[in-house]
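A closer look at the structure
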Amino acid sequence: MPSDILVLPGNTQGMDYIIGDVHGSANLLQTTLSKLAPHDRLFMVGDIIDRGPDSVAAFKLIQHDPRVVMVKGNHEETLLKFTSIDLQVMFSEIRQYDLNTPLPTNLQALWDLLAYDGSWIFKDPEARELPFNPHAHPLRAIAPYLSYLGKGFVHELTEMVRYFSNCPYVVAVQEGCDAKGNRVVPFVVCHSRLPLLDAALFQKQRSLTPAEKQVLLYSRSSDAVIPRSSNAMICYAGHSPHYHGYAAVRPLENTCNLDAGAFKNGVLMCVNHTCR
(Lines give C-alpha, C1' and ligand atoms only; values in the text may rest on other atoms or scores of the structure.)
Protein backbone atom coordinates (compact mmCIF):
# COMPACT_ATOMS: atom_id res chain seq x y z
CA MET A 1 0.00 0.00 0.00
CA PRO A 2 1.48 3.41 -0.96
CA SER A 3 2.54 5.75 1.82
CA ASP A 4 0.70 9.00 2.49
CA ILE A 5 4.05 10.67 3.18
CA LEU A 6 7.14 9.93 1.11
CA VAL A 7 10.51 10.72 2.70
CA LEU A 8 13.47 11.07 0.35
CA PRO A 9 17.15 11.77 0.96
CA GLY A 10 18.65 15.04 -0.13
CA ASN A 11 19.91 15.13 -3.71
CA THR A 12 23.68 14.94 -3.42
CA GLN A 13 24.43 14.68 -7.14
CA GLY A 14 22.04 16.98 -8.97
CA MET A 15 19.51 19.78 -8.67
CA ASP A 16 16.03 19.61 -7.20
CA TYR A 17 13.35 21.54 -9.11
CA ILE A 18 9.71 22.05 -8.19
CA ILE A 19 6.98 23.03 -10.64
CA GLY A 20 3.43 24.26 -10.19
CA ASP A 21 0.12 22.86 -11.46
CA VAL A 22 0.52 21.63 -15.06
CA HIS A 23 -3.17 21.05 -15.87
CA GLY A 24 -2.66 19.35 -19.21
CA SER A 25 -0.08 21.84 -20.50
CA ALA A 26 2.08 19.12 -22.01
CA ASN A 27 4.18 21.47 -24.15
CA LEU A 28 5.25 23.51 -21.12
CA LEU A 29 6.05 20.36 -19.16
CA GLN A 30 8.10 19.00 -22.07
CA THR A 31 10.18 22.18 -22.12
CA THR A 32 10.92 21.84 -18.40
CA LEU A 33 11.81 18.15 -18.63
CA SER A 34 14.16 18.78 -21.55
CA LYS A 35 16.33 20.99 -19.34
CA LEU A 36 16.88 18.41 -16.60
CA ALA A 37 20.24 16.67 -16.19
CA PRO A 38 20.36 12.91 -15.46
CA HIS A 39 20.78 13.34 -11.69
CA ASP A 40 18.30 16.19 -11.32
CA ARG A 41 14.86 15.64 -9.79
CA LEU A 42 11.59 17.30 -10.68
CA PHE A 43 8.95 17.53 -7.96
CA MET A 44 5.37 18.22 -9.02
CA VAL A 45 2.75 19.71 -6.70
CA GLY A 46 -0.08 17.71 -8.32
CA ASP A 47 -2.88 18.59 -10.76
CA ILE A 48 -1.12 17.42 -13.88
CA ILE A 49 -4.52 16.69 -15.45
CA ASP A 50 -7.71 18.56 -16.46
CA ARG A 51 -8.36 22.16 -17.54
CA GLY A 52 -5.63 22.37 -20.18
CA PRO A 53 -5.22 21.02 -23.71
CA ASP A 54 -3.78 17.51 -23.28
CA SER A 55 -3.90 15.64 -19.96
CA VAL A 56 -2.94 12.31 -21.54
CA ALA A 57 0.16 13.71 -23.24
CA ALA A 58 1.26 15.42 -20.02
CA PHE A 59 0.95 12.16 -18.13
CA LYS A 60 2.91 10.21 -20.75
CA LEU A 61 5.82 12.63 -20.35
CA ILE A 62 6.32 11.68 -16.70
CA GLN A 63 4.98 8.11 -16.62
CA HIS A 64 8.36 6.40 -16.99
CA ASP A 65 10.70 9.22 -15.99
CA PRO A 66 12.51 8.27 -12.74
CA ARG A 67 13.51 11.88 -12.15
CA VAL A 68 9.90 12.92 -11.53
CA VAL A 69 8.22 12.78 -8.12
CA MET A 70 4.59 13.89 -7.93
CA VAL A 71 2.18 14.40 -5.05
CA LYS A 72 -1.56 13.94 -5.45
CA GLY A 73 -3.62 17.00 -6.24
CA ASN A 74 -7.36 17.40 -5.89
CA HIS A 75 -7.81 16.68 -9.59
CA GLU A 76 -6.01 13.33 -9.35
CA GLU A 77 -8.02 12.52 -6.22
CA THR A 78 -11.26 13.31 -8.08
CA LEU A 79 -10.27 11.07 -10.98
CA LEU A 80 -9.46 8.23 -8.58
CA LYS A 81 -12.83 8.60 -6.86
CA PHE A 82 -14.66 8.45 -10.17
CA THR A 83 -12.79 5.40 -11.44
CA SER A 84 -13.56 3.54 -8.22
CA ILE A 85 -17.34 3.76 -8.62
CA ASP A 86 -19.58 0.97 -9.87
CA LEU A 87 -21.35 2.23 -12.99
CA GLN A 88 -24.24 -0.20 -12.51
CA VAL A 89 -24.79 1.18 -9.01
CA MET A 90 -24.63 4.70 -10.42
CA PHE A 91 -27.39 3.99 -12.98
CA SER A 92 -29.43 2.42 -10.19
CA GLU A 93 -29.01 5.66 -8.24
CA ILE A 94 -30.38 7.60 -11.22
CA ARG A 95 -33.54 5.50 -11.32
CA GLN A 96 -34.16 6.07 -7.61
CA TYR A 97 -33.00 9.68 -7.44
CA ASP A 98 -35.21 12.36 -5.93
CA LEU A 99 -34.52 15.66 -7.73
CA ASN A 100 -34.99 17.58 -4.48
CA THR A 101 -32.13 15.80 -2.70
CA PRO A 102 -28.33 16.01 -3.02
CA LEU A 103 -26.66 13.75 -5.56
CA PRO A 104 -25.85 10.23 -4.32
CA THR A 105 -22.16 9.35 -3.93
CA ASN A 106 -21.55 7.81 -7.36
CA LEU A 107 -23.40 10.51 -9.29
CA GLN A 108 -21.55 13.15 -7.30
CA ALA A 109 -18.25 11.57 -8.34
CA LEU A 110 -19.23 11.99 -12.00
CA TRP A 111 -20.39 15.57 -11.46
CA ASP A 112 -17.12 16.44 -9.70
CA LEU A 113 -15.09 14.95 -12.54
CA LEU A 114 -16.96 16.95 -15.17
CA ALA A 115 -16.83 20.15 -13.13
CA TYR A 116 -13.03 19.78 -13.19
CA ASP A 117 -13.05 19.61 -17.01
CA GLY A 118 -12.44 15.87 -16.84
CA SER A 119 -14.40 14.91 -19.96
CA TRP A 120 -11.07 14.16 -21.69
CA ILE A 121 -11.30 10.66 -20.15
CA PHE A 122 -14.10 9.64 -22.53
CA LYS A 123 -13.08 7.51 -25.50
CA ASP A 124 -15.71 9.07 -27.77
CA PRO A 125 -14.49 12.52 -28.93
CA GLU A 126 -18.08 13.76 -29.05
CA ALA A 127 -18.29 13.47 -25.26
CA ARG A 128 -15.12 15.50 -24.88
CA GLU A 129 -16.74 18.36 -26.81
CA LEU A 130 -19.95 18.53 -24.78
CA PRO A 131 -20.36 21.75 -22.74
CA PHE A 132 -20.74 21.19 -19.01
CA ASN A 133 -23.03 23.59 -17.15
CA PRO A 134 -22.19 23.62 -13.43
CA HIS A 135 -25.10 25.99 -12.75
CA ALA A 136 -27.78 23.62 -14.06
CA HIS A 137 -29.49 21.12 -11.82
CA PRO A 138 -26.78 18.49 -11.11
CA LEU A 139 -28.62 15.66 -12.84
CA ARG A 140 -29.31 17.78 -15.91
CA ALA A 141 -25.65 18.80 -15.99
CA ILE A 142 -24.41 15.21 -16.16
CA ALA A 143 -27.25 13.75 -18.25
CA PRO A 144 -25.66 14.44 -21.70
CA TYR A 145 -22.62 12.33 -20.71
CA LEU A 146 -24.43 9.25 -19.45
CA SER A 147 -24.82 7.58 -22.85
CA TYR A 148 -21.05 7.80 -23.39
CA LEU A 149 -20.11 5.95 -20.21
CA GLY A 150 -20.73 2.58 -21.87
CA LYS A 151 -18.49 3.48 -24.81
CA GLY A 152 -15.39 3.36 -22.67
CA PHE A 153 -12.54 5.65 -21.74
CA VAL A 154 -9.13 6.57 -23.15
CA HIS A 155 -6.91 3.48 -22.95
CA GLU A 156 -4.28 5.35 -20.91
CA LEU A 157 -6.73 5.72 -18.04
CA THR A 158 -5.76 2.42 -16.41
CA GLU A 159 -2.09 3.41 -16.24
CA MET A 160 -2.98 6.87 -14.98
CA VAL A 161 -5.07 5.43 -12.17
CA ARG A 162 -2.24 3.09 -11.19
CA TYR A 163 0.29 5.93 -11.21
CA PHE A 164 -1.84 8.43 -9.30
CA SER A 165 -2.84 5.80 -6.73
CA ASN A 166 0.81 5.46 -5.82
CA CYS A 167 1.46 9.18 -5.49
CA PRO A 168 1.87 10.38 -1.89
CA TYR A 169 0.07 13.39 -0.45
CA VAL A 170 3.32 14.85 0.90
CA VAL A 171 6.99 14.51 0.00
CA ALA A 172 9.59 15.46 2.63
CA VAL A 173 13.20 15.78 1.43
CA GLN A 174 15.83 15.37 4.11
CA GLU A 175 18.88 17.46 4.83
CA GLY A 176 22.22 16.23 3.56
CA CYS A 177 25.56 17.19 2.03
CA ASP A 178 26.69 16.98 -1.56
CA ALA A 179 30.08 15.73 -2.77
CA LYS A 180 31.60 19.19 -2.23
CA GLY A 181 30.36 19.42 1.35
CA ASN A 182 27.60 21.90 0.59
CA ARG A 183 24.48 21.59 2.73
CA VAL A 184 21.42 20.15 1.00
CA VAL A 185 18.56 22.14 2.52
CA PRO A 186 15.45 20.09 3.42
CA PHE A 187 12.06 20.97 1.99
CA VAL A 188 8.47 19.73 1.67
CA VAL A 189 6.14 19.40 -1.33
CA CYS A 190 2.34 19.17 -1.10
CA HIS A 191 -0.57 20.23 -3.26
CA SER A 192 -2.32 22.93 -1.26
CA ARG A 193 -1.36 23.67 2.34
CA LEU A 194 0.57 21.73 4.97
CA PRO A 195 -1.29 21.00 8.25
CA LEU A 196 1.66 19.12 9.81
CA LEU A 197 4.72 20.00 11.86
CA ASP A 198 8.08 19.02 10.44
CA ALA A 199 8.56 16.30 13.06
CA ALA A 200 5.36 14.54 12.00
CA LEU A 201 6.64 14.24 8.44
CA PHE A 202 9.43 11.90 9.50
CA GLN A 203 7.44 9.63 11.79
CA LYS A 204 7.76 6.09 10.51
CA GLN A 205 4.74 4.96 8.48
CA ARG A 206 2.78 8.06 9.48
CA SER A 207 -0.74 7.91 8.01
CA LEU A 208 -2.77 11.02 7.36
CA THR A 209 -6.23 11.58 8.78
CA PRO A 210 -9.15 12.44 6.46
CA ALA A 211 -9.11 15.99 7.85
CA GLU A 212 -5.39 16.37 7.04
CA LYS A 213 -5.94 15.08 3.51
CA GLN A 214 -8.77 17.56 3.06
CA VAL A 215 -6.44 20.45 3.91
CA LEU A 216 -3.61 19.08 1.78
CA LEU A 217 -5.85 18.78 -1.28
CA TYR A 218 -8.49 21.49 -1.10
CA SER A 219 -7.54 24.36 1.23
CA ARG A 220 -7.07 27.70 -0.55
CA SER A 221 -4.51 30.38 0.22
CA SER A 222 -7.40 32.67 1.11
CA ASP A 223 -8.47 30.35 3.94
CA ALA A 224 -7.38 30.91 7.54
CA VAL A 225 -3.61 30.88 8.02
CA ILE A 226 -1.99 27.64 9.20
CA PRO A 227 1.04 29.11 11.02
CA ARG A 228 4.42 27.40 10.68
CA SER A 229 7.67 28.44 12.32
CA SER A 230 10.08 30.53 10.29
CA ASN A 231 12.60 27.80 11.11
CA ALA A 232 10.39 25.13 9.56
CA MET A 233 11.28 23.55 6.25
CA ILE A 234 10.10 25.54 3.27
CA CYS A 235 6.99 24.06 1.69
CA TYR A 236 6.30 24.19 -2.05
CA ALA A 237 2.64 23.98 -3.04
CA GLY A 238 0.13 25.02 -5.72
CA HIS A 239 -3.66 24.79 -6.04
CA SER A 240 -4.43 28.52 -5.61
CA PRO A 241 -3.63 30.07 -9.00
CA HIS A 242 -2.13 33.49 -9.40
CA TYR A 243 -1.24 35.14 -12.67
CA HIS A 244 1.53 37.63 -11.98
CA GLY A 245 4.37 35.43 -13.25
CA TYR A 246 6.36 34.81 -10.05
CA ALA A 247 6.06 32.57 -7.00
CA ALA A 248 3.59 33.72 -4.34
CA VAL A 249 5.14 33.44 -0.88
CA ARG A 250 2.98 32.91 2.20
CA PRO A 251 5.50 33.93 4.90
CA LEU A 252 3.39 32.99 7.93
CA GLU A 253 3.15 29.46 6.54
CA ASN A 254 6.73 29.36 5.19
CA THR A 255 5.18 28.27 1.89
CA CYS A 256 5.86 29.10 -1.74
CA ASN A 257 2.84 28.80 -4.07
CA LEU A 258 3.88 27.82 -7.60
CA ASP A 259 0.51 27.67 -9.36
CA ALA A 260 0.83 30.36 -12.02
CA GLY A 261 -2.22 29.26 -14.01
CA ALA A 262 -0.34 27.40 -16.75
CA PHE A 263 -3.47 26.36 -18.63
CA LYS A 264 -4.67 29.98 -18.90
CA ASN A 265 -1.58 32.09 -19.42
CA GLY A 266 1.06 29.63 -20.62
CA VAL A 267 3.33 30.10 -17.58
CA LEU A 268 4.55 26.99 -15.75
CA MET A 269 6.33 28.11 -12.60
CA CYS A 270 9.58 26.25 -11.86
CA VAL A 271 11.88 26.82 -8.87
CA ASN A 272 15.41 25.50 -8.43
CA HIS A 273 15.52 24.65 -4.74
CA THR A 274 19.16 23.58 -4.79
CA CYS A 275 20.70 26.69 -6.39
CA ARG A 276 24.32 25.65 -6.07
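Residues numbered from 1 in each chain as written. Predicted model: local features only at pLDDT ≥ 70, side-chain atom pairs only at ≥ 80, totals over all residues. Heavy atoms only, no water.

Moving on, we come to the pairing of strand 8 (residues 187-190). Along strand 8, one buried face is formed by F187 and V189 and the opposite face, lined by V188 and C190, is buried too. Here strand 5 (residues 170-173) pairs with strand 8 via 4 bridges, running antiparallel. Paired with V170 across the strands is C190, a residue of strand 8. Across 3 bridges, the pairing between strand 8 and strand 9 (residues 234-237) is parallel. (Buried < 20%, exposed > 50% of the residue type's maximum accessible area, 1.4 Å probe, protein only. Helix = DSSP H or I, 4+ residues; strand = E, 2+ residues; numbered from the N terminus. Pairing = 2+ DSSP bridges.)

Pairing is mixed in the open sheet, where 4 strands are placed in the order 4-3-2-12. Looking at the sheet topology across the chains shown, the edges are occupied by strand 4 (68-70) and strand 12 (270-272). Between one strand axis and the next, the sheet turns by 20° as a mean value, whatever way the strands run. Of the strand pairs in this sheet, strand 3 (residues 41-44) and strand 4 are connected by 3 bridges, and their pairing is parallel. Considered in strand 4, the bridge of L42 is made with V68. (Axes fitted to C-alpha atoms, helices over the stretch in contact; angles between N-to-C directions.)

So yeah, pure geometry; function would need other evidence.
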